[in-house]
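One letter stands for each residue in the lines below.
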Amino acid sequence: MLTRSTLTRVVGAALEEDAPWGDLTSTTLLPVEATATADLVAREAGVFSGGEVFTAAFALTDPTLVVDLHVGDGDDFIAGDVLASVSGSARGILTAERVALNFTQRMSGIATLTASYVAAVDGTRARIADTRKTTPGLRAFERHAVESGGGRNHRYSLSDAVMAKDNHLAVLTRSGLDLASALRDALSRLPHTTHVVVEVDRLDQIPAVLDGGAHTVLLDNFSLDDLREGVALIGDRATVEASGGVNLDTVGDIARTGVDVISVGALTHSARALDLGLDLRID
């Protein structure tokens, strides 16, 4: 969740990284009384995300700066659109410029890519979800951007749900434990609100997962035919998630197999930053 404390902590750390002892250029070259207005201008079309982050970068640098957002997170824009404006101290604007742009370009890139995936599964029951393949320290920002693009968030962290993947299952097998029994035992000790997901890579693993009471069965790197068979086998006994081999060319066909969720790591680990610029107008 993009909370005020997260904004302050992460944006503050980025500003400190970029100007640990202040902005040497702005403070030595620019008159302290100089003012300006800067427009956040789109150089290409996309979906906007990061308005609060953009605002925080300037507010934490100089609380007297005034930021006006002209679009909201999740809004479409085209090249040439003015997305936001900031006015006040020229020193403050130029000190915060790079950090504000870095976050907004990154988040808008994720939102734009996510919107493309969401559009590709339109008309199906499938929801597009992100994964934990996020930039360390920036998960809240990147997952907010996924939501801006119309996607859904998977579990936020290892603490939020039980998710048994191939390596977990390998340890269970080597330990001589039965998967169904292990799941039932785990469920008996977990709070009733805890969601349990189990990843499988073969159809013959599904019955044990269902017998164990998993809430979601994740079909990893299945062929389209096996996805359809898996959906039929699981029925309404669990949510069906698909992952692996997902890209914009394949996601539509995967969605049409009847799965409920498609998780896509590329939303956060492979999104390209959008080309946004901050155009300065001297007052």
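Above this text is the structure in question.
In every chain, residue numbers begin from 1 and rise along the written sequence. Owing to the predicted nature of the model, reporting of local features is limited to residues with pLDDT of at least 70; listing and counting of side-chain atom pairs is limited to 80 or more, with chain, interface and lining totals taken over all residues. As a rule here, side-chain values cover all heavy atoms of the structure and leave hydrogens and water aside.

### As for the environment of L169
Inference 1: Here a helix means four or more residues in a row that DSSP labels H or I, a strand means two or more in a row labelled E, and each is numbered from the N terminus. Tracing the backbone shows L169 in helix α6 (residues 166-174).
Inference 2: Taking the relative accessible area as the measure of exposure, L169 reaches 10% and is therefore buried.
Inference 3: In this analysis, two residues are considered to be in contact whenever any of their non-hydrogen atoms come within 4.5 Å of each other. Setting aside chain neighbours within four positions, we find L169 in contact with A164, L179, V198, E199 and Q205. Each residue is placed in one exposure class: buried if its accessible area under a 1.4 Å probe, protein chains only, is under 20% of its type's maximum, exposed if it is over 50%, and partly exposed if it falls in between.

### Remarks on the packing of aromatic side chains
Inference 1: Pairing of aromatic rings covers Phe, Tyr and the six-membered ring of Trp, with a centre-to-centre limit of 6.5 Å; geometry is then stacked below 30 degrees between planes, edge-to-face above 60, and tilted otherwise. By the definition in use, this model includes two aromatic pairs.
Inference 2: A ring pair is formed by F54 and F58, whose centres lie 5.0 Å apart and whose planes are at 65 degrees; its orientation type is edge-to-face. Of the two residues, F54 and F58 both sit in helix α3 (residues 51-61), four residues apart, roughly one turn of that helix.
Inference 3: A centroid spacing of 5.1 Å and a plane angle of 65 degrees characterise the contact between F103 and F141, whose relative ring orientation is edge-to-face. Within this pair, whereas F103 is found in helix α4 (residues 90-120), its partner F141 is found in helix α5 (residues 139-148), the two being separated by 38 residues in sequence. Taken as a pair, F103 and F141 share a single burial class, namely buried.
Inference 4: The ring of Y156 has R139 lying over it, and the distance from NZ or CZ to the ring centre is 5.9 Å. The criterion is that NZ of a Lys, or CZ of an Arg, lies within 6 Å of the ring centre and within 35 degrees of the ring normal, and then a charge sits over that ring.

### Remarks on the layout of surface pockets
Inference 1: Detection works on a 1 Å grid of protein atoms alone, calling trapped sets that fit a 1.4 Å probe cavities and calling open sets with protein on both sides within 12 Å along at least five of seven lines pockets, with lining residues defined by an atom within 4 Å of a point. Grid points are joined across faces, edges and corners, and a volume is the space filled by probe spheres set on the points. Reported here for the largest pocket is a volume of approximately 370 Å³.
Inference 2: Taken together, 22 residues make up the lining of the largest pocket; nearest its centre are T131, K133, K165, S243 and S263.
Inference 3: At the level of secondary structure, the elements contributing two or more residues to the lining of the largest pocket comprise β9 (216-220), β10 (239-243) and α11 (266-269).
Inference 4: Residue composition of the lining of the largest pocket, grouped by class: five nonpolar, nine polar and eight charged. In this classification, the charged set is Asp, Glu, Lys and Arg, the nonpolar set is Ala, Val, Leu, Ile, Met, Phe, Trp, Tyr, Cys and Pro, and all remaining amino acids, among them Gly, are polar.

### Description of a nonpolar patch on the surface
Inference 1: On the surface, L94, L280 and I282 cluster together to form a nonpolar patch covering roughly 260 Å² of accessible area.
Inference 2: Its place among the elements puts L280 in strand β12 (residues 276-282).
Inference 3: We classify L280 as partly exposed; its relative accessible area is 37%. Within this analysis, patches are made of residues with over 30% relative accessible area and no salt bridge. Like charges are joined at 9 Å or less; nonpolar side chains (Val, Leu, Ile, Met, Phe, Trp, Tyr) at 5 Å or less. Areas reported as accessible are Shrake-Rupley estimates using a 1.4 Å probe. Residue values count occlusion only from the protein chains shown. We define a salt bridge as a contact between a side-chain nitrogen of Lys or Arg and a carboxyl oxygen of Asp or Glu at a distance within 4 Å.

### Considerations on the packing of helix α1 (residues 4-18) against α4
Inference 1: Interaxial angles span 0 to 180 degrees and are taken between N-to-C directions of axes, which are lines fitted to C-alpha atoms, for helices over the stretch in contact. Two numbers describe how α1 lies on α4: the axes approach to 10 Å, and their chain directions differ by 130 degrees. With respect to α4, the axis of α1 lies oblique. Both α1 and α4 take part in a crossing whose hand is right-handed. Every residue of α4 that contacts α1 at V10, V11, A14, L15 and D18 is listed here: T95, A96, R98, V99 and F103.
Inference 2: For the contact of α1 with α4, a count of residues per class yields seven nonpolar, one polar and two charged. Here the word oblique covers every angle except those under 35 degrees (roughly parallel), over 145 (roughly antiparallel) and from 65 to 115 (roughly perpendicular). In a left-handed crossing the near helix is turned counterclockwise from the far helix by less than a right angle, and in a right-handed crossing that turn is clockwise.

### Overview of the pairing of strand β8 (residues 196-200)
Inference 1: Here β8 lies mainly inside the structure; five of its five residues are buried.
Inference 2: Burial along β8 is two-sided: V196, V198 and V200 and V197 and E199, pointing in opposite directions, are all buried.
Inference 3: When DSSP finds at least two bridges between two strands, those strands are taken to pair. Note: strand β7 (residues 162-164) against β8, three bridges, orientation parallel. Paired with M163 across the two strands is V197, which belongs to β8.
Inference 4: Pairing analysis gives four bridges linking β8 to β9, with the strands arranged parallel. Within β9, the residue paired with V197 across the bridge is T216.
Inference 5: Following the chain from β8 across helix α8 (residues 206-212) to the adjacent parallel β9, one finds a crossover that is right-handed. For a crossover, the right-handed case is the one in which the path from the first strand over the helix to the second runs clockwise, viewed with the strands pointing away from the viewer.

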